[in-house]
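# Observations on chain architecture
Residue-level listing of the chains:
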Amino acid sequence: MIDPRLIAAVETLIAAHARPGHVPLIAIAGSQGSGKTTLARAVAARTGAAHLSLDDVYLTRVERAVLARTVHPLFGTRGPPGTHDLGLLDRVIAALAAAGPDARTALPAFDKLADDRLPPEVWPVFAGRPTAILLDGWCLGARPQGEAALAAPINALERDRDADGRWRRAANDQLAGPYRARFDRFDALLFLRAPAFAVVLDWRCEQEAGLRGLAPADLPAAERARLAGFIGYFERITRSMIAGGVDADVVVSLDRERRPLAIATG
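Not measured: the values here are computed from a predicted model.

### Observations regarding the pattern of salt bridges
For the structure shown, the criterion picks out 28 salt bridges. A salt bridge links Arg-64 to Asp-115; the nearest nitrogen and oxygen atoms lie 3.2 Å apart. You can see Arg-64 sitting in helix α3 (residues 61–70) and its partner Asp-115 sitting in the loop between β4 (110–111) and β5 (116–117), a full 51 residues away along the chain.

### Focus on the side chain of His-72
Relative to the helices and strands, His-72 is located in the loop between α3 and α4 (86–98). By relative accessible area, which is 4% here, His-72 ends up buried. Discounting residues that sit within four places of it in the chain, His-72 has contacts with Leu-67, Arg-161, Asp-162, Arg-166 and Trp-167.

### A word on the packing of aromatic side chains
One pair of aromatic rings is described through two measures. These are the centre distance and the angle between the planes. Summed over the entire model, instances satisfying the criterion amount to seven aromatic pairs. An angle of 70° between the planes, with centres 4.8 Å apart, marks the rings of Trp-138 and Phe-234 as edge-to-face. Of this pair, Trp-138 sits in the loop between β7 (133–137) and α5 (147–150) while Phe-234 sits in helix α10 (residues 232–242), and the two are 96 residues apart along the sequence. For the pair formed by Trp-138 and Phe-234, the shared burial category is buried.

### Let's talk about the sheet that holds strand β10 (residues 260–265)
Read from one edge to the other, the open sheet built from six strands follows the order β2-β7-β1-β8-β9-β10, with strand pairing classed as mixed. The two strands at the open ends of the sheet, each matched to only one other strand, are β2 (50–53) and β10. Here the average twist between neighbouring strands, direction ignored, is 15°. Across the sheet, helix α2 (residues 36–47) lies against β1 (25–30), β2, β7 and β8 (188–193), angled at about 170° from β7, the strand it touches most.

### A closer look at the nonpolar core
If you look at the biggest cluster of nonpolar residues, it comprises 78 residues, and the most contacted ones within it are Leu-39, Leu-52, Leu-134, Leu-140 and Leu-190. Ignoring sequence-local partners within four residues, the contact set of Leu-140 consists of Ala-27, Ile-28, Ala-29, Leu-54, Leu-135, Phe-183, Phe-186, Leu-189, Met-241 and Val-246.

### Some remarks on helix α8 (residues 200–211)
Counted at 1.5 Å a residue, the expected span for α8 with its 12 residues is 16 Å, and the 17 Å between its end C-alpha atoms agrees. Within the span of α8, buried status applies to Val-200, Leu-201, Trp-203, Arg-204, Cys-205, Glu-208 and Ala-209. For α8, the elements touching its buried residues are α9 (221–230), α10 and β9 (250–254). Downstream of α8 by a residue or two, Gly-213 has a phi angle that is positive, lying close to 70°.

### A look at α9
Within the sequence span of α9, burial applies to Glu-223, Leu-227 and Phe-230. Taken down its axis, α9 places every buried residue within 55° of arc, on the same side. What points out from α9, more than 90 degrees from its buried face, is the exposed set Ala-221, Ala-222 and Ala-225. Elements in contact with the buried residues of α9: α8 and α10.

### Examining the packing of α4 against helix α7 (residues 166–183)
Where α4 meets α7, the closest approach of the two axes is 11 Å, and the angle between their N-to-C directions is 10°. Regarding the angle of α4 to α7, the classification is roughly parallel. Here α4 contributes Leu-86, Gly-87 and Asp-90 to the contact with α7, which in turn contributes Pro-178, Tyr-179 and Arg-182.

Parameters at a glance
Residues numbered from 1 in each chain as written. Predicted model: local features only at pLDDT ≥ 70, side-chain atom pairs only at ≥ 80, totals over all residues. Heavy atoms only, no water. Salt bridge = Lys/Arg side-chain N within 4 Å of Asp/Glu carboxyl O. Helix = DSSP H or I, 4+ residues; strand = E, 2+ residues; numbered from the N terminus. Buried < 20%, exposed > 50% of the residue type's maximum accessible area, 1.4 Å probe, protein only. Contact = heavy atoms within 4.5 Å. Phe/Tyr/Trp six-rings, centres within 6.5 Å; stacked < 30°, edge-to-face > 60°. Pairing = 2+ DSSP bridges. Axes fitted to C-alpha atoms, helices over the stretch in contact; angles between N-to-C directions. Core = buried A, V, L, I, M, F, W, Y, C linked by side-chain atoms within 4.5 Å. Expected span 1.5 Å × (residues − 1). Arc of directions from axis to C-beta. Parallel < 35°, antiparallel > 145°, perpendicular 65-115°, else oblique.

Right, here's the structure in full:
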């Protein structure tokens, strides 16, 4: 069950930015498994908003393979800045913002188990003009890091596969440039702050178990180990955001059970 205070916080942001002819664009950020998608869906259902997830505009597997060959092998794995189709995101947001009462807007969808975008003919469709656009994503609003912070690897992934820092610097450049340009268009951003990075693996395992129709305790040990490696791709930026490296209008501090301990406005 979603805490009603979280729903109220998002609805307050929508109301604060609603005006004639304008569809508010509200971002919801948080680490993997923090509940941002669940929250966005609940608010969308209550308010008539359209919901998009940054996870649904990942580059296709083929497109990421090209990045892996031409930029850095680690860009073959979805997740970090640089692995999203920001042009597609722009087009969908623009279509929703301009939609009339009879419009039908296709919303991208990504199959995480297949690790590829679904074909457009099976994308869900939003009917009509939305009251708001809710975009959820793990790195939304994240600030780029300075050179000193990027110098040393922070985990085994960076140590073993990005010893020269080329991948993390390329992702940071994306965050500072193309991603920041999109963040600046948000009317407001709410950040679900995890209590510590250590809980993210548990949350991500719960999320994966749900995708597979399993109880969290039934997720195979090998899958948990795989996910422990996978979240290394997200660790640097997630840790920075938890430490305050995010531009947010509202920060919700969560406990391990995703319950809000405090809701602070920026």
